[in-house]
Each structure stands twice: as C-alpha cells, then as structure tokens.
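Chain and residue survey
Below are the chains, spelled out letter by letter.
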Amino acid sequence: MSIWIPQSSIGHLREYKYQSEDRSLTTKYILKPFWVKFERIFPTWMAPNMVTLLGLLFIVVSDLLVMYFDPYYNKESPQWVYFYHAIAVFMYQPFDACDGIHARRTGQSGPLGELFDHCCDSMNTTLMVIQFSSVANLTTETPFIFIVQFAALANFYLSTWEEFHTHKLFLSEVSGPVEGLIMLSICYILTGIFGVEEIFHTELFYIGDIVITTSFISSLIGMLVMSFNIYSARRNVIQTLKNEKREHEIDYAMKGLVTFISYYLMIVCLFIMYPTIWKDYTTTMLLTIGSCMSFTVGRIITGHLTKQEFPFVNFPMLVPLTQSIAIELLTKVFDVEFDVAMQFTMYSGLGASLLIYGMFVTEIIYDITTYLDIWALTIKHPKPVKDE
C-alpha cells in the first residue's frame, strides 16, 4: 500500500456507499430526465471513468484555445471560440453527471469512481477559471483572476469538506455544477454574439465616482452564490453532527477550514511581496494553485472513502512559503538576477505541484484497482446491465 492509504484503512473501501442530496429544482425537473436519456449514448462496455475523462477533455481543449488566442486574457478571440467554450461547458455537465448513471447501469459503482470524479472536477475548477478569464478579458493587470479562482476553489473545497464530515454530497438550491454551468454556457453564447465589451464591460450606472459595469454585477452575483454555498456547507455539517449526536466533533470539523484559509493567506503574502507574480506568471500560478488544491481535495476524498483522519497537513500547500524563501535566498545570498530567480521558482513550484499531484493520483488508482480487482478506464468484470 502507498503512504496515502495504509493497510489498516484500505478495507473500508468495501464498505463504500454513495450518498447524495441534490436540492436543485433545475436538476429534478429538467436536467435529470435529460441526463438519463443522454447516458444511453455511451456503450455498456465503456467504463464510467472514461465518461468522466472525456467530459474533462472538452475543457482541456477549451483552455488550449485560450493559450493560443488569448494567453494574457486581454484580447477578443474569434467568434467561434466563444461558441466552442459554450459547447465545452454544456457538454462537461452531462458527462460529469452521466458517469454515475452509467456506473449504476453497468454495475460498476465504487469508490474509485467517486475519487476519479472529484479529481477531474477539482482540476476542471481551475481550467474553467482560465476559460472564463479569457472570455471576460479580466487581464493580468490586477489580481482579480485569482479572486475568481479563490471563489471557485472555496466552493469546491467546502463541498468536499462537507462530504467528509456528513458522508453525503450536498448540492444546494443554487450550485456551481448545475445552475453555475448553465449560466456560464449562456454567457459564452451571448459573448460570441454581441462581443466581450457589450457583455462584460458595459457601463450601467455610477455610485459616486465608481462605475458599475456588467462584469461588476456578474461578480457580485457570483460572490453572493459563493457566500450562500459556504453558509449551506457549514450549516449542513453542524446540523448533521448534531443529529448524529456528534456535537463534540464540530470544533474538529471547523479546523478543516483553517487549512484552506492558511494556504490562501500564504498566497496573499507572496503576491504582496512580489506583485510581478500575478502580472507576469498568471497562468503558471493559477495552475500551481489548482494542482495543489486538487491534491488536497483528493486526500480529503481518500480519507472519506477509507475512514482516515482529516488531512490537515498537505505538503503542496507549503509551495508559496517555499517560493518566497527561495526568491530571497537566490537574489540576496546567491546574487541571482531577480527575473531569473522568479522564473526558476515559479516554474519549479508548478512542476513540484503537478508532480506530487500526479504521483498521488497514480498511487491511489493503483492501490484501489489492485485491492478491488478492477481496472480504472476499462471494465474488467462486466455485469448485467440495469435500467434506471
């Protein structure tokens, strides 16, 4: 066994039982009937994890288009690119939803599927921030892109933290995976039709000397939705622990939020010390933060599936601190030019974060597939097909 799943914990994988509660009316009356029919396009020999991976590829292609046409998030892309972004988001949602339906239909439901789904979703969170930043032309002149990423990752982290303590995935009345993706897709279509300036930078009114634009209103709506989801996650955890007579665990559960806050405080300090980072290494830093949070979320889900302690300490979260120390040492002790030192530490931080996350995913998949005698991307033991 790897260091992530000790021998004493791996046996809990056989106790796995997926539980979820989706309170969205959009899902219940519109999307769920569509998803059930859409799932039939996938052949029964296709593994559910392959469905998840194919959905993620839509967003990967979208980000590659961003890197080609708008790497600094400040230019208009060809009209068809915005339409592709809309299609990518629209397609990601049913693929993400149908992997579970397909797993139940083919009799392949299991803990690996939930872990694989969360790992893809966690990386997708940052990839969609890159996509949105290009569509909205957020530019690299301000750290606003990182505020958007913080809001998106806070939602995802809180949702995973909530599932760890309640053993159930909650989707609130308005959530990112449902209403959020629908709004994004519509927004991208409108941008393709009317242009970036019309959709995101139209001046609506003034409050004193402050110009209120469409992007400000959309950001405000996003912050309100984030605040509601954070409140809902905290409420659900506290209520569940009280209902299960586990009130003594509430303080322990709340400490999991300190992990996330501490990490972002280190990032803020790094940006204050070296503002050039969020200006000149925007995408590099976005991916570094995204891979670090993906690793952290992956460990939380692994702990949930194998009934381990909550992972308060995660080494990739020390990358911002390590980078700040490295820059100081390189420039002041070893007399390395600032630009060279910055380039080295930024790309080293990204490389280390991706390497650790890649090793984690590889080892976890190996451990689970070996123990449960299954394959990750193909079906090893076919079972009778069931209809939902």
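Whatever comes next refers back to the structure up there.
Comments concerning the overall build of the protein chain
Within the protein chain, the regular secondary structure consists of 14 helices and four strands. For a compact globule of 388 residues, the expected C-alpha radius of gyration is about 21 Å, and the protein chain comes in at 21 Å, within 12% of that figure. If you line up the protein chain on its principal axes, its C-alpha atoms span 60 × 55 × 40 Å. Scored against the burial criterion, the 388 residues of the protein chain give a buried share of 51%. Considering only contacts in the protein chain between residues 6 or more positions apart, those separated by 24 or more positions represent 79%. Roughly 18,800 Å² of accessible area belongs to the protein chain as shown, and the carbon and sulfur atoms make up 67% of that amount. Placing the 24 positive and 36 negative side-chain charges of the protein chain at their respective mean positions leaves the two points 12 Å apart.

With respect to the packing of helix 4 (residues 79-106) against helix 5 (residues 111-135)
Where helix 4 contacts helix 5, the two axes come as close as 12 Å, and the packing angle between them is 165 degrees. As far as their axial angle goes, helix 5 and helix 4 are roughly antiparallel. Of the two possible hands of crossing, helix 4 and helix 5 adopt the one that is left-handed. In contact with Tyr82, His85, Ala88, Val89, Tyr92, Asp96 and Asp99 of helix 4, helix 5 contributes Asp117, Cys120, Asp121, Asn124, Met128, Gln131 and Val135. Looking at the contact of helix 4 with helix 5 residue by residue, the classes come out as seven nonpolar, three polar and four charged.

Comments concerning the packing of helix 10 (residues 250-273) against helix 12 (residues 282-306)
Between helix 10 and helix 12, the shortest axis-to-axis distance is 12 Å and the interhelical angle comes to 165 degrees. When the axis of helix 10 is compared with that of helix 12, the two are roughly antiparallel. Of the two elements, helix 10 crosses helix 12, and the hand of that crossing is right-handed. Here helix 10 contributes Phe260, Tyr263, Tyr264, Ile267, Leu270 and Phe271 to the contact with helix 12, which in turn contributes Met285, Thr288, Ile289, Cys292 and Met293. Among the residues making up the contact of helix 10 with helix 12, the classes are represented as ten nonpolar, one polar and no charged.

Regarding the pairing of strand 4 (residues 210-213)
Bridge analysis of strand 3 (residues 203-207) against strand 4 gives four bridges, and the strand direction is antiparallel. Bridge pairing links Phe205 to Ile212 in strand 4.

As for the nonpolar core
Note that soluble globular proteins tend to have their nonpolar side chains buried in a common cluster. Within the largest apolar cluster, 86 residues are counted, with the highest numbers of intra-cluster contacts made by Trp161 and Ile289. It is helix 5 that contributes the most residues to this core, twelve residues altogether. Contact partners of Trp161, with chain neighbours within four places excluded, come to Ala233, Arg234, Val237, Ala253, Met254, Gly256, Leu257 and Phe310.

Observations concerning helix 9 (residues 214-243)
Taking 1.5 Å per residue, 30 residues should reach 44 Å; helix 9 reaches 43 Å between its end C-alpha atoms and fits that length. When we look at burial in helix 9, the residues that qualify are Thr214, Ser215, Met226, Asn229, Ser232, Ala233, Asn236, Val237, Ile238, Thr240 and Leu241. Of the residues one or two after helix 9, Lys245 is the one with positive phi, at around 60 degrees.

Here we look at helix 14 (residues 338-372)
Residue pairs three or four apart in sequence face the same way in an α-helix, which turns once every 3.6 residues. Counted at 1.5 Å a residue, the expected span for helix 14 with its 35 residues is 51 Å, and the 51 Å between its end C-alpha atoms agrees. Asp373 sits one or two positions beyond helix 14 and adopts a positive phi of about 55 degrees.

Let's talk about the environment of Thr259
Checked against the element boundaries, Thr259 lands in helix 10. Not counting the four nearest positions on each side in its chain, Thr259 is found in contact with Tyr157, Phe312, Asn314 and Met317.

Things to note about the pairing of strand 3
Judged by how many residues are buried, strand 3 sits mostly at the surface: zero of five residues are covered. Between strand 3 and strand 4, which pair antiparallel and follow one another directly, the connecting turn spans two residues, one of which, Gly208, has a positive phi of 70 degrees.

What about the packing of aromatic side chains?
Counted under the stated rule, the structure contains 23 aromatic pairs. Each ring, one from Phe69 and one from Trp80, has its centre 5.9 Å from the other, and the planes form 85 degrees; the classification is edge-to-face. Of this pair, Phe69 sits in helix 3 (residues 48-69) while Trp80 sits in helix 4, placing them eleven residues apart in sequence. For Phe69, a relative accessible area of 25% gives the class partly exposed.

Observations regarding the environment of Glu163
Locating Glu163 in the fold gives a position in helix 6 (residues 144-166). Residue class for Glu163 comes out buried when judged on its relative accessible area of 1%. For the pair Glu163 and Ser20, spaced 143 residues apart in the sequence, the C-alpha separation amounts to 9.0 Å. Apart from the residues within four sequence positions on either side, Glu163 is in contact with Glu114, His118, Lys168, Leu169, Ile301 and His304.

Considerations on the pattern of salt bridges
Under the defined criterion, the tally for this structure stands at nine salt bridges. In this structure, Glu21 and Arg23 form a salt bridge, with 2.9 Å as the shortest nitrogen-oxygen distance. A relative accessible area of 28% means that Glu21 is categorised as partly exposed. When the shortest N-O distance is used, the salt bridge between Lys332 and Glu328 registers 2.8 Å. Placement of both Lys332 and Glu328 in helix 13 (residues 319-333) is noted, with a separation of four residues, approximately one turn of the helix. What you see here is one network of salt bridges that share partners, running through Glu21, Arg23 and Lys168.

Description of unusual backbone geometry
Positioned with a positive phi, Asn137 is a non-glycine residue whose angle comes to about 50 degrees. Given the relative accessible area of 11%, Asn137 is considered buried. Here Lys245, not a glycine, exhibits a phi torsion of approximately 60 degrees, which is positive. Tracing the chain through its elements places Lys245 in the loop between helix 9 and helix 10. Judged by relative accessible area, Lys245 falls into the exposed class, the value being 67%.

Quick notes on the rules
Position labels on residues start from 1 in each chain and follow its written sequence. Reporting in this predicted model follows two pLDDT cut-offs: at least 70 for local features of residues, and 80 or more for side-chain atom pairs to be given and counted; totals over whole chains, interfaces and linings ignore these cut-offs and use all residues. Based on all heavy atoms of the structure, the side-chain values leave hydrogens and waters out of the count. Each helix corresponds to a stretch of at least 4 residues labelled H or I by DSSP, and each strand to a stretch of at least 2 residues labelled E; elements are numbered beginning at the N terminus. Throughout, the radius of gyration refers to the C-alpha atoms, and the reference size of a globule is 2.2 Å times the residue count to the power 0.38. Here the term buried applies to any residue with accessible area under 20% of the maximum for its type, exposed to any over 50%, and partly exposed to those in between, with areas from a 1.4 Å probe on protein chains only. Two residues form a contact once any of their heavy atoms are found within 4.5 Å. Accessible areas in this description were obtained via Shrake-Rupley with a 1.4 Å probe; residue shielding takes into account the shown protein chains only. The convention is simple: Lys and Arg are positive, Asp and Glu are negative, and His and the chain ends are not counted. By convention, the charge on Lys lies at NZ, on Arg at CZ, on Asp at CG and on Glu at CD. Helix axes use the C-alpha atoms of the stretch in contact, all axes being lines fitted to C-alpha atoms, and the angles between their N-to-C directions lie in the range 0 to 180 degrees. For classification purposes, an angle smaller than 35 degrees is called roughly parallel, one larger than 145 roughly antiparallel, one from 65 to 115 roughly perpendicular, and anything else oblique. Helix crossings get a hand from a simple test, with the near helix turned counterclockwise from the far one by less than a right angle marking a left-handed crossing and a clockwise turn marking a right-handed one. Residues are grouped as follows: Ala, Val, Leu, Ile, Met, Phe, Trp, Tyr, Cys and Pro are nonpolar; Asp, Glu, Lys and Arg are charged; all remaining types, including Gly, are polar. Note on pairing: DSSP must find at least two bridges between two strands before they are called paired. For our purposes a nonpolar core is just a set of buried Ala, Val, Leu, Ile, Met, Phe, Trp, Tyr and Cys residues, chained together by side-chain atoms within 4.5 Å. An expected span of 1.5 Å times one less than the residue number is assigned to each helix. Between rings of Phe, Tyr and Trp, where Trp is taken as its six-membered ring, a pair exists when centres lie within 6.5 Å; planes separated by under 30 degrees are stacked, by over 60 edge-to-face, and by other angles tilted. Throughout this description, the term salt bridge denotes a Lys or Arg side-chain nitrogen within 4 Å of a carboxyl oxygen of Asp or Glu.

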